[in-house]
Amino acid sequence: MHVSPEPITTREEAAKEREKLLDFFARGLCCTVAHGALGDGGEPSEEALTKAKVVADDYLAAYEEWLVQLAARNAKEGPQ
């Protein structure tokens, strides 16, 4: 199944989507790294999420940079 989301057309929409991605990535990192520490299967603490969001932000920034470079290259050379 292919899902085509509505295009992001404003900076506000982009910021909201980025925050959603950061939260999603941070929760995934917490669950992966601290699975044994949670033990009870509960939600990660706000402190753990805050720390994980810093790591997630680095990954997301690198991905965004790659997308910008890819878009620029495609605009110059045409899609590969």
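Since the model is a prediction, treat every value here as computed from it, not as a measurement.

1. Some words on the layout of surface pockets
Okay, step 1: In this structure, the largest pocket occupies an estimated 280 Å³ of space.
Okay, step 2: Those elements that provide at least two residues to the lining of the largest pocket are α1 (11-33) and α3 (46-77).
Okay, step 3: If you tally residues by element for the lining of the largest pocket, the top one is α3, at five residues.
Okay, step 4: Across the lining of the largest pocket, the residue classes tally to seven nonpolar, no polar and three charged.

2. Quick word on the confidence of the model for the protein
Atomic detail in the predicted coordinates should be set aside for any region of low pLDDT.
Okay, step 1: When pLDDT is averaged along the protein, the result is 78; 78% of the residues meet or exceed 70.
Okay, step 2: The element-level mean pLDDT for the protein is lowest in helix α2 (residues 35-38), coming to 54, with α3 highest at 84.

3. What to know about the environment of Ala52
Okay, step 1: Among the structural elements, Ala52 can be located in helix α3.
Okay, step 2: With relative accessibility at 8%, the residue Ala52 sits in the buried group.
Okay, step 3: Between the C-alpha atoms of Ala52 and Leu29, which are 23 residues apart in sequence, the distance is 6.4 Å.
Okay, step 4: What Ala52 contacts, discounting residues up to four positions off in sequence, is Ala26, Leu29 and Cys30.

4. Observations concerning a nonpolar patch on the surface
Okay, step 1: A cluster of nonpolar side chains, Leu21, Phe24 and Phe25, forms an exposed patch at the surface whose accessible area comes to about 290 Å².
Okay, step 2: Note on placement: Leu21 falls in helix α1.

5. Observations concerning the packing of aromatic side chains
Okay, step 1: Going through the model one piece at a time under the given rule, you end up with two aromatic pairs.
Okay, step 2: Ring geometry for Phe24 against Phe25: centres 6.1 Å apart, planes inclined by 50 degrees, an arrangement best described as tilted.
Okay, step 3: For Phe24, a relative accessible area of 60% puts it in the exposed group.
Okay, step 4: An angle of 25 degrees between the planes, with centres 5.9 Å apart, marks the rings of Tyr63 and Trp66 as stacked. Here the residue Tyr63 and the residue Trp66 both occupy positions in helix α3, the gap between them amounting to three residues, near one helical turn.
Okay, step 5: When its relative accessible area of 46% is taken as the criterion, Tyr63 is described as partly exposed.

About the thresholds
- Residues numbered from 1 in each chain as written.
- Predicted model: local features only at pLDDT ≥ 70, side-chain atom pairs only at ≥ 80, totals over all residues.
- Heavy atoms only, no water.
- 1 Å grid on protein atoms, 1.4 Å probe; cavity = no way out; pocket = protein on both sides within 12 Å on 5 of 7 lines; lining within 4 Å.
- Points joined across faces, edges and corners; volume = space filled by probe spheres on them.
- Helix = DSSP H or I, 4+ residues; strand = E, 2+ residues; numbered from the N terminus.
- Nonpolar A, V, L, I, M, F, W, Y, C, P; charged D, E, K, R; others polar.
- pLDDT = per-residue confidence, 0-100.
- Buried < 20%, exposed > 50% of the residue type's maximum accessible area, 1.4 Å probe, protein only.
- Contact = heavy atoms within 4.5 Å.
- Patch = residues over 30% accessible without salt bridge, like charges linked within 9 Å, V, L, I, M, F, W, Y side chains within 5 Å.
- Areas by Shrake-Rupley, 256 points an atom, 1.4 Å probe, with all protein chains shown as cover.
- Salt bridge = Lys/Arg side-chain N within 4 Å of Asp/Glu carboxyl O.
- Phe/Tyr/Trp six-rings, centres within 6.5 Å; stacked < 30°, edge-to-face > 60°.

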